[in-house]
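A structural walkthrough
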Amino acid sequence: MAIARLHGGPLDGQIIPLEPGVSDAYIVPYGEGQLVYHREGDEQHTGTDDGPTEVRFVYVEATEDIDPNPDGRDD
């Protein structure tokens, strides 16, 4: 199994399992919309003894505005 390492955006630093079939874009639900990450570079750690295969994905956009305080309250 491969893992995706996410860079930038709200999920910066997250490491998640990469489902088979994901190639150039990784799209995840977030709030009312979705976050879009695009693959950058080649797979890393592809040997049999160097850990799980890792793929770097970089934040591109959100399909909706990301508002951490949608109701206007400052808690």
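Up top you'll find the structure we're talking about.
Criteria and thresholds
- Residues numbered from 1 in each chain as written.
- Predicted model: local features only at pLDDT ≥ 70, side-chain atom pairs only at ≥ 80, totals over all residues.
- Heavy atoms only, no water.
- Phe/Tyr/Trp six-rings, centres within 6.5 Å; stacked < 30°, edge-to-face > 60°.
- Helix = DSSP H or I, 4+ residues; strand = E, 2+ residues; numbered from the N terminus.
- Buried < 20%, exposed > 50% of the residue type's maximum accessible area, 1.4 Å probe, protein only.
- Polar contact = N/O pair within 3.5 Å; in protein donor to acceptor, adjacent residues only side chain to side chain.
- Contact = heavy atoms within 4.5 Å.
- Core = buried A, V, L, I, M, F, W, Y, C linked by side-chain atoms within 4.5 Å.

Notes on the packing of aromatic side chains
- Within the structure shown, the criterion is met by two aromatic pairs.
- Aromatic side chains Tyr37 and Tyr59 sit 5.5 Å apart centroid to centroid with 65 degrees between the ring planes, which places their arrangement in the edge-to-face category. Taken together, the positions of Tyr37 in strand 4 (residues 33–44) and Tyr59 in strand 5 (residues 53–62) put the pair 22 residues apart, joining distant regions of the chain.
- Take Tyr59: its relative accessible area is 26%, and that puts it in the partly exposed class.

What about the side chain of Glu54?
- For Glu54, the location among the structural elements is in strand 5.
- For Glu54, a relative accessible area of 17% translates into the label buried.
- Reaching out from Glu54, the side chain makes a polar contact with the side chain of Arg5 at a distance of 2.9 Å.
- Setting aside its immediate chain neighbours within four residues, Glu54 contacts Ile3, Arg5, Asp42, Glu43, Gln44 and His45.

Comments concerning the environment of Leu35
- Along the chain, the position of Leu35 falls in strand 4.
- Accessibility expressed as a relative area gives 0% for Leu35, which makes it buried.
- Once the C-alpha coordinates of Leu35 and Thr63 are considered, the two residues, 28 residues apart in sequence, prove to be 6.5 Å apart.
- With residues up to four places along the chain from it excluded, the contact list for Leu35 reads Pro10, Leu11, Tyr26, Ile27, Val28, Tyr30, Tyr59, Glu61, Ala62 and Ile66.

Digging into the nonpolar core
- One finds Ala2, Ala4, Leu6, Ile16, Leu18, Tyr26, Val28, Leu35, Tyr37, Val55 and Phe57 forming the largest nonpolar core, which totals eleven residues.
- Elements represented by at least two residues in this core include exactly strand 1 (2–7), strand 2 (15–18), strand 3 (25–30), strand 4 and strand 5.
- Looking at this core element by element, the count peaks at three residues for strand 1.

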